[in-house]
Amino acid sequence: MAELDPFGREPRHERLSDRETTQRMLDVGVARVQGEGLRISFDQLRYEELITDANVARSTVYRRWPTKQHYYADLLRELAQSNHHATAAWQQSGPKVALERADELLPQLATAAGRRAVAVELCRATSQSTAEILTTSNEWHTFLTLSATLAGLPTKVALQGDLQDAMGAAETRFHELSAEYYQATLDLIGFRLKPDLAPTTTIESVTRLGGAWLEGAALKAITNPNAWGRPTTSDPFGTGTQAEWTMVGLGFTALMLGVFEPDPEQAAEWDEEKIAACRAALESLRAVNDRDH
C-alpha cells in the first residue's frame, strides 16, 4: 500500500495505460494467491484490497472488469497458465534428493543388486518427500481450487475451454521435462522401460502415472490425514537395507518396478570407468533440475 503524503493524503495514482493497469492487477492477484494459497474459493480474494495493493485507479479497473467475477475469470486464466502445480514440490524432492545423495549411492551401482537397491531407494525417498511437500504447498491448494472451479463451470462457457487448454498445456510441459529426468535416471542406474509395454507406454506416460498416484495420495491425506497410517521401518523389496516406508512410497515404488527393469545389456558388474561415467551423467540431471521445470 502506498504511503500517505505529509498532509495525510494518499498520493495520486501514476498515469497507467489500460494494459498496464490490467497487468498490474493480475500480478497482484497472482502474488496474493502464491503467497497465501486458496483453500476454499477465489471469493476469498477481496477485490477492493487488490485494487489498493496494485495502486491503480479504481475507475480504470472497473472499466476493464465491471464486476469482480469478470476479474476473477481473468485471474483464473492467468493462474492456469503458470507452472504445473507439482513443479515446486518436484524440484524440492526428485532431482534434489538424487543429487544430494549421489556420493552415497554411486558406489552401489557397481553390481546389479546394488543398482536395484538404488532404484528402490530413489523411488522411496523422492515419492515420500514429494507427497509430503505437495500436501502443504500453496500451489497444490490453488490447483484444487482451479480444478473445482473448472468442474463446476457450464460446459458451454468460454472460460471452461480456456482453463482446460491452459492447465493441459502446463501439465504437458511438466511431464515432458519430468520424462527427461526419468530417462536420465534410468540411464544412470542401468534400467529401462520394459519393451513389451511399448508402444502404448512411454516414459512420459509413466511420469503421468506416477504423478497421478502422488496427487491422489496427497488428496486423500487432505480429507483424512491418517489414511496412510504410520511409517514403518522395513525392507519390502528385499534390498538388504532397512528404511522408513510409508504406504505412499510403497505404492509408488511398486508402480515403478512394474514398468521398469534392469537393462540386460548392462547386467555385468560395472568397473571404475563406468562409475566415473555415471558421475558425469549426474551433470545432466543437474541441468534438468536447474531449468524452469
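The coordinates are above.
Residues numbered from 1 in each chain as written. Predicted model: local features only at pLDDT ≥ 70, side-chain atom pairs only at ≥ 80, totals over all residues. Heavy atoms only, no water.

(A) Structural view of the side chain of Gln128. Summarising the element assignment, Gln128 is placed in helix α7 (residues 112–136). At 3.3 Å, the side chain of Gln128 forms a polar contact with the backbone oxygen of Glu244. In terms of polar contacts, Gln128 uses its side chain to reach the backbone amide nitrogen of Thr246, at 2.8 Å. Gln128 has contacts with Glu244, Trp245, Thr246 and Gly249, leaving out every residue within four places of it along the chain. (Helix = DSSP H or I, 4+ residues; strand = E, 2+ residues; numbered from the N terminus. Polar contact = N/O pair within 3.5 Å; in protein donor to acceptor, adjacent residues only side chain to side chain. Contact = heavy atoms within 4.5 Å.)

(B) Region of the structure containing helix α11 (residues 247–259). Taking 1.5 Å of rise per residue, the 13 residues of α11 would be expected to cover 18 Å, and the 19 Å separating its terminal C-alpha atoms lies within 8% of that figure. Of the residues making up α11, those classed as buried are Val248, Gly249, Gly251, Phe252, Thr253, Met256 and Val259. The secondary structure elements touched by the buried residues of α11 are α7, α9 (158–189), β1 (191–193), α10 (203–223), β3 (243–245) and β4 (260–262). (Expected span 1.5 Å × (residues − 1). Buried < 20%, exposed > 50% of the residue type's maximum accessible area, 1.4 Å probe, protein only.)

(C) Broad picture of the packing of aromatic side chains. Summed over all chains, the structure comprises seven aromatic pairs. A centroid spacing of 5.3 Å and a plane angle of 35° characterise the contact between Tyr47 and Tyr71, whose relative ring orientation is tilted. In this pair, Tyr47 sits in helix α2 (residues 47–54) while Tyr71 sits in helix α4 (residues 68–80), placing the two residues 24 residues apart along the sequence. As far as burial versus exposure is concerned, Tyr47 and Tyr71 are alike and both buried. Ring centres of Trp65 and Tyr71 lie 4.9 Å apart, and the angle between their planes is 80°; this geometry places the pair in the edge-to-face category. A connected cluster of aromatic rings, assembled from ring pairs, spans Tyr47, Tyr62, Trp65, Tyr71 and Tyr72. Above the ring of Trp270, the side-chain terminus of Lys274 is found at 4.8 Å from the ring centroid. (Phe/Tyr/Trp six-rings, centres within 6.5 Å; stacked < 30°, edge-to-face > 60°. Lys NZ or Arg CZ within 6 Å of the ring centre and 35° of its normal.)

(D) Layout of the packing of α9 against α10. Their axes nearest at 8 Å, the elements α9 and α10 cross at an angle of 105°. Looking at the two axes, α9 sits roughly perpendicular to α10. Contact residues: Glu171, Thr172, His175, Glu176, Ser178, Ala179, Tyr182, Gln183 and Leu186 in α9; Ile203, Glu204, Val206, Thr207 and Arg208 in α10. Among the residues making up the contact of α9 with α10, the classes are represented as five nonpolar, five polar and four charged. (Axes fitted to C-alpha atoms, helices over the stretch in contact; angles between N-to-C directions. Parallel < 35°, antiparallel > 145°, perpendicular 65-115°, else oblique. Nonpolar A, V, L, I, M, F, W, Y, C, P; charged D, E, K, R; others polar.)

(E) The arrangement of the pattern of salt bridges in detail. Taken as a whole and judged by the stated rule, the model has twelve salt bridges. Arg32 is the partner of Glu49 in a salt bridge, and the nearest nitrogen-oxygen pair spans 3.6 Å. Taken as a pair, Glu49 in helix α2 and Arg32 in helix α1 (residues 18–36) lie far apart in primary sequence, 17 residues in all. Since its relative accessible area comes to 37%, Glu49 is described here as partly exposed. A relative accessible area of 16% means that Arg32 is categorised as buried. One salt bridge connects Arg46 with Glu49, and the closest N-O pair in it is separated by 3.8 Å. (Salt bridge = Lys/Arg side-chain N within 4 Å of Asp/Glu carboxyl O.)

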